[in-house]
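# Observations on the three-dimensional arrangement
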Amino acid sequence: QSQYAAAARAPLMLSPSNRVPPPVQMPPDIHPLPDSVTPYFVYPFTLEPHVLTLEQSRRSTLAAHAARREAYLKSREDDKERRKRDALRRIAPGFQPQSAPLTPTKRASAVPTDLSSIASEGAGAEHTGHTGSKSVMEDLVDQLAALDAMH
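This next bit is on the overall build of the protein. The helix and strand inventory of the protein stands at four helices and zero strands. Secondary structure elements of the protein, listed N to C terminal, follow the sequence α-α-α-α. Here the protein holds 151 residues, and the buried ones make up 3% of them. For the protein, the exposed area adds up to about 14700 Å²; of that, 62% sits on carbon and sulfur atoms.

Following this line, the structure appears as structure tokens:
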């Protein structure tokens, strides 16, 4: 028993909108194909130098465009890095991302290093009871007095 046995008993109806197309009439002057088509496959070698020069110029143009694009992308990346470094330097002057962490350095001061002699001249008989160290405020007052004395 076939799997299509049930469909074999179904009645088929022909739709009036479907019809068989008329046969195609060939024109009498049509050119028939030759017995061999190999004579039609002849390559014109005279075009070879022209094609090769066009290909070479196309490749050089593509290489120039690629180089220009790479240079543009590199300049954009460098500009972005420069702007980022400038922004970081505005926050922390002297900052270099690839270098070691910043450490404070002592600068040569315009104030003379021998402040004890200037302080003893200006202060006279003032003593706080501390024999070795002075407070931060006393040190600041002494430095300001030394600066005023220099000018």
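What follows deals with the pattern of salt bridges. Under the counting rule described, the total for this entry stands at eight salt bridges. Here R82 and D86 are joined by a salt bridge, their closest N and O atoms 3.3 Å apart. You can see R82 and its partner D86 sitting in helix 2 (residues 48-91), four residues apart, about one turn around the helix. Judged by relative accessible area, which is 28%, D86 ranks as partly exposed. What emerges from the salt-bridge pattern is a single network uniting D79, R82, R83, D86 and R89.

On the surface, M137, L140, L144, L147 and M150 cluster together to form a nonpolar patch covering roughly 470 Å² of accessible area. Looking at the secondary structure, you find L140 in helix 4 (residues 136-150).

What follows covers the confidence of the model for the protein. Averaged over the protein, the pLDDT score is 80; the fraction of residues at 70 or greater is 82%. Per-element confidence in the protein is highest for helix 2, whose mean pLDDT is 92, and lowest for helix 3 (residues 115-123), whose mean pLDDT is 52.

Thresholds, definitions, all that
Residues numbered from 1 in each chain as written. Predicted model: local features only at pLDDT ≥ 70, side-chain atom pairs only at ≥ 80, totals over all residues. Heavy atoms only, no water. Helix = DSSP H or I, 4+ residues; strand = E, 2+ residues; numbered from the N terminus. Buried < 20%, exposed > 50% of the residue type's maximum accessible area, 1.4 Å probe, protein only. Areas by Shrake-Rupley, 256 points an atom, 1.4 Å probe, with all protein chains shown as cover. Salt bridge = Lys/Arg side-chain N within 4 Å of Asp/Glu carboxyl O. Patch = residues over 30% accessible without salt bridge, like charges linked within 9 Å, V, L, I, M, F, W, Y side chains within 5 Å. pLDDT = per-residue confidence, 0-100.

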